[in-house]
Each structure stands twice: as C-alpha cells, then as structure tokens.
Amino acid sequence: QVQVVESGGGLVQPGGTLSLSCELSGITLRLFEVGWYRQVPGKEREFVAEITRSDRTNSETTNHSDSVKGRFTISKDNAKNIMYLQMKSLKPEDTAVYYCVFRALRNRQHGLWGQGTQVTVSS
C-alpha cells in the first residue's frame, strides 16, 4: 500500500544545517511530482520548494520560494523512492512544521502528504 514516511526534523542553531527526507512506499516516486511546505501554528501553510514535470516534454523543473532560495535545496532519488530537503544557513524564521507532498502526475490535485516534522531554529 502507498505510504509516506517523513523524518529529519529537530532543533538547530541559527546558521546551522538540517536535512529532511520523505520516503514513498508502495508506488514508484517517478510517477509523482514532489514538494515541501511548512506551517507555523495559526498560520497558513507556506510553499517551500517543489520539483515539477512537464507532461509535454517530461522535463523537470525545480522551484524554491524566495524566502528559502539559495539556502534550501529540494532533491529526489527515484531509485530509492526518497525526496529530500537540504537546509543550510537556517534562520529562526525557518522554524515551522515541514510537510512533504507527493503529487500524482495523473492527477496533480491528489497529494500524498507526510505527517510533518518540526524544525526549530533557535540559539
């Protein structure tokens, strides 16, 4: 059966580095676009990064929000069925619950979400 296992959150000092991962099981990651979002309690979920694929060309495009561009890097390993968010130069404002999502290419409105992992950036 299809499952998502998210891990990697924790407490990090400002300027530090942390890596998050989400493993997709039960179906190949190649059939999905991937993305990361984050949410602070009481606020709307915020887009962080994504890897999308063109149905026409099959080419992939990586996008990062302006707030994390240059510091965060989204990536994926199709062979391992894992997607990642590598975070560096972390700031206190990066503190949030981070959620991964796998969006089916056949229906991009169908998202498989991780349960969320807390990232706290504090000295």
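Coordinates for the structure precede this section.
Throughout, a residue's number is its position along its own chain's written sequence, starting from 1. The predicted origin of the model limits local features to residues at a pLDDT of at least 70 and limits the giving and counting of side-chain atom pairs to 80 or more, whereas totals for whole chains, interfaces and linings rest on all residues. Water and hydrogen atoms were dropped before computing side-chain values, which therefore reflect all heavy atoms in the structure.

Draft legend 1. Spotlight on the overall build of the protein. Helix and strand definitions follow DSSP, with helices as H or I runs of at least four residues and strands as E runs of at least two, each counted in order from the N terminus. Summing up its helical and strand segments, the protein has 0 helices and 11 strands in all. For the protein, the succession of helices and strands along the chain, N to C, is β-β-β-β-β-β-β-β-β-β-β. A globule of 123 residues ought to have a C-alpha radius of gyration of about 14 Å, and the protein, at 14 Å, matches this closely. Seen through its principal axes, the protein has C-alpha atoms that stretch 45 × 30 × 30 Å. For every residue, the accessible area (1.4 Å probe, protein chains only) is compared with the maximum for its type, and the residue is labelled buried under 20%, exposed over 50%, or partly exposed between those bounds. Taking all 123 residues of the protein together, 40% fall into the buried category. Throughout, a contact is declared for two residues whenever any of their heavy atoms are within 4.5 Å. Put simply, 54% of the contacts in the protein that link residues at least 6 apart link residues at least 24 apart. The charged-residue count follows a simple rule in which Lys and Arg add positive charge and Asp and Glu add negative charge, with His and chain termini not counted at all. Just so you know, the charge point we use is NZ for Lys, CZ for Arg, CG for Asp and CD for Glu. The distance from the centre of the 15 positive side-chain charges to the centre of the 12 negative ones in the protein is 3 Å. Throughout, the radius of gyration refers to the C-alpha atoms, and the reference size of a globule is 2.2 Å times the residue count to the power 0.38.

Draft legend 2. Summary view of the state of the cysteines. By definition, disulfides here are pairs of cysteine sulfur atoms that lie within 2.5 Å. Under the counting rule described, the total for this entry stands at 1 disulfide. Linked covalently through their sulfurs, cysteine 22 and cysteine 100 form a disulfide whose S-S length is 1.8 Å. What sets the handedness of the cysteine 22 and cysteine 100 disulfide is the S-S torsion sign, and at about -90° it is left-handed. Placement of the pair is cysteine 22 in strand S3 (residues 18-25) and cysteine 100 in strand S9 (residues 96-104), with a sequence separation of 78 residues.

Draft legend 3. Here's a closer look at the environment of leucine 112. Structurally, leucine 112 can be placed in strand S10 (residues 111-113). When sequence neighbours within four positions are dropped, the list of residues in contact with leucine 112 reads Val2, Val4, Leu24, Phe32, Cys100, Val101 and Phe102.

Draft legend 4. Structural detail: the pairing of strand S5 (residues 46-53). Strands were regarded as paired on the criterion that DSSP finds at least two bridges between them. Examined bridge by bridge, strand S4 (residues 32-39) and S5 share 5 bridges and lie antiparallel to one another. Bridge pairing in S5 links tyrosine 37 to phenylalanine 47. Adjacent in sequence and paired antiparallel, S4 and S5 are bridged by 6 residues, among which glycine 42 carries a positive phi angle near 85°. Pairing analysis gives 5 bridges linking S5 to strand S6 (residues 60-64), with the strands arranged antiparallel. Within the sheet, the bridge partner assigned to threonine 52 lies in S6 and is threonine 61.

Draft legend 5. Representation of the pattern of salt bridges in the model. By convention in these notes, a salt bridge is any Lys or Arg side-chain nitrogen within 4 Å of a carboxyl oxygen on Asp or Glu. Here the structure, examined in full by the defined rule, presents 8 salt bridges. Put simply, Arg38, Glu46, Arg71 and Asp94 are held in one network by salt bridges that share partners.

Draft legend 6. Just the sheet that holds strand S7 (residues 72-77), in detail. In space, the 4 strands of this open sheet follow the order S1-S3-S8-S7, with antiparallel pairing throughout. The open sheet terminates on both sides in strands that have one partner only, identified here as strand S1 (3-7) and S7. Mean inter-strand twist for the sheet, computed between neighbouring axes without regard to direction, equals 15°. Direction of pairing for S1 relative to S3: antiparallel, over a ladder of 5 bridges. Within S3, the position partnered with valine 5 by the bridge is glutamate 23. Axis lines are fitted through C-alpha atoms, for helices just across the contact stretch, and the angle between N-to-C directions can take any value from 0 to 180 degrees.

Draft legend 7. Region of interest: unusual backbone geometry. One non-glycine residue, asparagine 81, lies in the positive phi region at around 60°. Locating asparagine 81 in the fold gives a position in the loop between S7 and strand S8 (82-87). Unlike most non-glycine residues, serine 89 shows phi in positive territory, near 50°. Along the chain, serine 89 falls in the loop between S8 and S9. For serine 89, a relative accessible area of 37% gives the class partly exposed.

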